[in-house]
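# Geometric and topological summary
What follows is the residue order along each chain.
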Amino acid sequence: MTFSRLLTSAALAIALVGCSGMSKIITPPSKTVSGSLTYKERVALPDDAIITVNLSDISLADAPARVISTVSFPAEGKQVPFDFSLPYSNAQIKGAQTITVSARITHGDKLLFTTKSVNEVLTHGKPSTVKVVLSRVKR
């Protein structure tokens, strides 16, 4: 009887140890593209303006950009420059030919500032940091 209990206890312990390893989820490390955005005009943003920054694959001609990562945050009364960080994984950019960062600042449904130039990152030897300069949208 004692040997039977010992054998049962050992089997249970082995099963529990084997299951405990299953709770460890291995996730690939997240990488980031970071930078700052600004504009040249000497204009204060409304306190409730919204800043949106996108990391996109623009490799396909005559097709919309494939958005890889987006971050959006309120200005909360702050003014430029704004720092940002866009997470991505290698799987999201595998095979991409041109990765860019674009941004816009809106107030309600009105677009105030946007990027008008290509801000390439990660591909073609470009770094993972970028300074984005926005242009004011004419009303």
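This is a predicted model, so every value here is computed, not measured.

What follows covers the packing of aromatic side chains. By the definition in use, this model includes two aromatic pairs. On the basis of an interplanar angle of 15 degrees and a centroid distance of 3.9 Å, the ring pair of tyrosine 39 and phenylalanine 113 is categorised as stacked. Here tyrosine 39, found in strand 1 (residues 31–39), pairs with phenylalanine 113, found in strand 6 (residues 110–114); they are 74 residues apart in sequence, far enough to count as distant. Like tyrosine 39, the residue phenylalanine 113 is buried in the burial classification.

Let us now look at the environment of phenylalanine 84. Looking at the element boundaries, phenylalanine 84 is found in strand 4 (residues 82–88). According to the relative accessible area criterion, phenylalanine 84 is buried, its value standing at 6%. The spatial distance from the C-alpha of phenylalanine 84 to the C-alpha of valine 130 is 9.8 Å, given a sequence separation of 46 residues. For phenylalanine 84, the residues in contact, after removing those within four places along its chain, are Val33, Ser34, Gly35, Ser36, Leu37, Val53, Val71, Val101, Val130 and Val132.

Quick look at the pairing of strand 5 (residues 99–107) now. Here strand 2 (residues 50–57) pairs with strand 5 via eight bridges, running antiparallel. Bridge pairing in strand 5 links isoleucine 51 to isoleucine 105. The sheet contact formed by strand 5 and strand 7 (residues 120–121) spans two bridges and is antiparallel. Across the sheet, the residue bridging to isoleucine 99 is valine 121, located in strand 7. The sheet contact formed by strand 5 and strand 6 spans four bridges and is antiparallel. Looking at the pairing, histidine 107 lines up with lysine 110 of strand 6.

The rules we used
Residues numbered from 1 in each chain as written. Predicted model: local features only at pLDDT ≥ 70, side-chain atom pairs only at ≥ 80, totals over all residues. Heavy atoms only, no water. Phe/Tyr/Trp six-rings, centres within 6.5 Å; stacked < 30°, edge-to-face > 60°. Helix = DSSP H or I, 4+ residues; strand = E, 2+ residues; numbered from the N terminus. Buried < 20%, exposed > 50% of the residue type's maximum accessible area, 1.4 Å probe, protein only. Contact = heavy atoms within 4.5 Å. Pairing = 2+ DSSP bridges.

Remember that the coordinates give geometry; whether it matters functionally is a separate question.
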